[in-house]
Each structure stands twice: as structure tokens, then as C-alpha cells.
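A look at the structure
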Amino acid sequence: MVKLGVNIDHVATVREARKGREPDPVWAAAVCELAGADIITVHLREDRRHVNDRDLRLLKETVSTKLNLEMADTPEIVAIALEVRPEQVTLVPEKREEVTTEGGLDVRGNLKSLSAAAGKFREAGILVSYFIDPDFDQLAAARDAGADFVELHTGSYATAAVEAEVEAELSKLLAGAEKGAELGLRINAGHGLNYLNVRPVLALAGLEELHIGHSIVSRAVFSGLDRAVREMLSLLH
Ligand code: PXP
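A brief report on the enclosed structure follows.

**Description of the pairing of strand 1 (residues 3-7)**
In terms of strand pairing, strand 1 meets strand 8 (residues 207-212) through four bridges, oriented parallel. For glycine 5, the partnering residue across the bridge sits in strand 8 and is histidine 211. Judged from the three bridges that link them, strand 1 and strand 2 (residues 39-43) form a sheet pairing that is parallel. Residue pairing in the sheet places valine 6 in a bridge with isoleucine 40 of strand 2.

Given below as C-alpha cells:
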């Protein structure tokens with residue numbers, strides 16, 4: 001059965017809107033686990049725009065399923081990851097000005113640095129995943145760079161506007177998953193998945209983990225808003 005990794009970054013985004021204490025992503029992780037989530041995923045960004053170092057350290061102490069850290073291959077973040085030791089790291093490209101991760105990692109172009117980082121992680125017993133587009137050369141490079149997993153970037157599939165484009169993007173993902181499995185890689189997928197587009201992705205060969213964030217946190221606003229208003233009203237009246 002495919003495992004669900006819930007990315008809780010955007011719980012922290014709401015907290016950072018006020019630079020206060022709530023909502024606490026550490027508390028969110030516990031709720032996700034109680035609901036059956038298999039993995040808790042966070043992205044510690046260079047600019048700490050949502051999840052911060054305190055969150056990561058507490059999550060390492062409190063998450064009882066699997067903690068997956070999305071991160072850029074920079075000396076600062078690699079050092080933090082090696083110190084905190086999440087069960088898994090997913091290497092992603094990162095640009096300061098982007099709203100969210102844009103495109104997959106260029107593993108081929110950064111083979112030396114990524115291989116060196118992967119070697120350190122593997123030595124520390126941390127699983128290594130690379131977030132890549134379903135491109136055959138990037139898949140081969142991921143294998144060369146010591147990957148346990150690849151996370152296939154579903155963003156182009158998720159944002160495809162017309163049916164033919166959706167089908168074309170899905171075909172690339174299906175082919176990528178097959179190629180990855182052939183290369184001995186374990187297969188994850190994620191980015192932009194929601195309640196309407198997730199099911200076709202389940203057809204990916206050997207798919208182990210889906211990492212989904214924004215759509216789950218967005219839905220939580222609406223599945224919880226009614227109750228939150230009623231609770232405030234019960235205090236007032
Ligand atoms: N996987 C990776 C590698 C990501 O960078 C992100 C976004 O942080 C996700 C999955 C989750 O994407 P979304 O929030 O669109 O579900």
C-alpha cells in the first residue's frame with residue numbers, strides 16, 4: 001500500500017504570518033500521525049520562511065513514524081541534517097525567490113557535490129532521496145549519486161491544463177517510475193497533488209511514498225473552520 005507523507009510546512013506558514021506560536025507544526029505532526037499518516041515531511045529552507053530549526057529538532061524527538069527532511073544541498077543545511085538525523089532526506093533544488101520548489105533537481109549537473117552529501121548521509125544511516133523530473137538521464141544520475149529513492153516531481157502533471165497534456169505528463173511519470181525501478185531505485189512522488197488528481201498517480205510502478213502538503217493543509221482549513229467558529233461562539237454565548 002502506498003504510504004502518505006504529509007508535508008506540514010504550511011501549518012508553519014500560518015504561524016509565521018504572525019511570527020507567533022500557533023499553529024505549531026509539531027502539534028500538527030502529532031495530529032497527522034493520529035489520523036494515520038505514515039511519514040511527516042518538512043522543508044527546512046535557507047530563509048526559514050515556514051519550518052525552522054526548533055521545529056525540526058522537536059519533530060525529530062516527537063515524530064514516531066518517519067521524518068523526511070526536504071533540503072537543498074548547502075553546507076549549512078547538510079550539517080543540520082547530519083546533526084538532527086531524520087530517517088530520510090529528500091534533496092531538492094532551492095531558489096530564494098521561488099514561491100515553491102520549481103522543477104526537479106539537476107543531479108547530473110551536480111553529481112560530485114550530491115554524491116559527497118549522499119555518502120555522508122548513508123554513513124549516518126539516513127536514507128537519501130532525490131526530487132527529480134521523470135527524465136531518464138536524471139534517473140541514471142540519481143543512481144550514480146547514491147540514491148535510495150527518487151521522488152518523481154508531479155508538478156507538471158498537476159498543473160497541466162488540458163486533458164492531452166495531463167495524459168502526456170502522466171505517461172512521462174509512468175515511464176520514469178519503470179525506468180527507476182529498472183535501475184534499482186525506490187520510487188516516491190509528489191508536488192501539487194490534490195484530492196482530484198492523485199488517483200492516476202497510484203499507477204506508478206513500485207510507488208512507495210506520496211508526499212502531499214498544500215492541498216491537505218488547504219482542506220483542513222475548510223474541514224475545521226465550521227467547528228472553530230462554533231467553538232468561539234460557545235465561548236461568547
Ligand atoms: N515533495 C517535494 C520534494 C516538495 O518540495 C514539496 C513541496 O514542499 C512537496 C512534495 C509537497 O508539495 P505540495 O505542497 O504541492 O503538496
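After presenting the structure, the write-up continues.
**Overview of the site of the ligand**
Not every one of the 13 residues close to the ligand is listed here, only the nearest: Glu70, Glu151, Gly192, Gly213 and His214. Between asparagine 7 and the ligand, the recorded distance is 3.3 Å, taken from a side-chain N or O atom to an oxygen atom. At 2.7 Å from an oxygen atom of the ligand is found a main-chain nitrogen or oxygen belonging to glycine 213. Burial of the ligand by the protein chains amounts to 94% of its free accessible area of 400 Å². Per-class residue counts for the shell around the ligand are three nonpolar, seven polar and three charged.

**Considerations on the sheet that holds strand 8**
A barrel is described by the order of its strands in space; here eight strands give the closed sequence 1-2-3-4-5-6-7-8, paired in parallel fashion. Recorded for the sheet is a direction-independent mean angle of 25 degrees between the axes of neighbouring strands. In this sheet, strand 3 (residues 67-71) lies alongside strand 2 in parallel orientation, the contact comprising four bridges. Within strand 3, the residue paired with threonine 41 across the bridge is asparagine 68.

**Here's the deal with the side chain of asparagine 197**
Its location among the elements puts asparagine 197 in the loop between strand 7 (186-190) and strand 8. Among the residues examined, asparagine 197 registers a relative accessible area of 12% and is labelled buried. A polar atom in the side chain of asparagine 197 sits 3.1 Å from the backbone oxygen of glycine 192. Every residue in contact with asparagine 197, bar those within four places of it in the chain, is listed here: Tyr157, Ala158 and Gly192.

**Remarks on the nonpolar core**
In terms of nonpolar packing, the biggest core is built from 63 residues, with Ile8, Phe121, Tyr130 and Leu152 touching the most fellow members. No other element matches helix 4 (residues 75-84), which puts five residues into this core. In this structure tyrosine 130 touches Leu91, Leu105, Val107, Leu114, Ser115, Ala118, Ala142, Ala145, Ala147, Phe149, Val150 and Glu151, once residues within four positions along its chain are discounted.

**Quick look at unusual backbone geometry**
Omega for the peptide link from glutamate 22 to proline 23 comes to -5 degrees, which places this bond in the cis form. Relative to the helices and strands, proline 23 resides in the loop between helix 1 (9-16) and helix 2 (25-34). The residue lysine 19 is not glycine, and still its phi comes out positive at about 50 degrees. Tracing the sequence through the fold places lysine 19 in the loop between helix 1 and helix 2. You can call lysine 19 exposed: its relative accessible area is 66%. Even without being a glycine, histidine 191 presents a positive backbone phi close to 105 degrees. In this structure, histidine 191 sits in the loop between strand 7 and strand 8. Histidine 191 sits in the partly exposed class, given a relative accessible area of 23%.

How each quantity is defined
- Residues numbered from 1 in each chain as written.
- Predicted model: local features only at pLDDT ≥ 70, side-chain atom pairs only at ≥ 80, totals over all residues.
- Heavy atoms only, no water.
- Pairing = 2+ DSSP bridges.
- Helix = DSSP H or I, 4+ residues; strand = E, 2+ residues; numbered from the N terminus.
- Near = heavy atom within 4 Å.
- Polar contact = N/O pair within 3.5 Å; in protein donor to acceptor, adjacent residues only side chain to side chain.
- Areas by Shrake-Rupley, 256 points an atom, 1.4 Å probe, with all protein chains shown as cover.
- Nonpolar A, V, L, I, M, F, W, Y, C, P; charged D, E, K, R; others polar.
- Axes fitted to C-alpha atoms, helices over the stretch in contact; angles between N-to-C directions.
- Buried < 20%, exposed > 50% of the residue type's maximum accessible area, 1.4 Å probe, protein only.
- Contact = heavy atoms within 4.5 Å.
- Core = buried A, V, L, I, M, F, W, Y, C linked by side-chain atoms within 4.5 Å.

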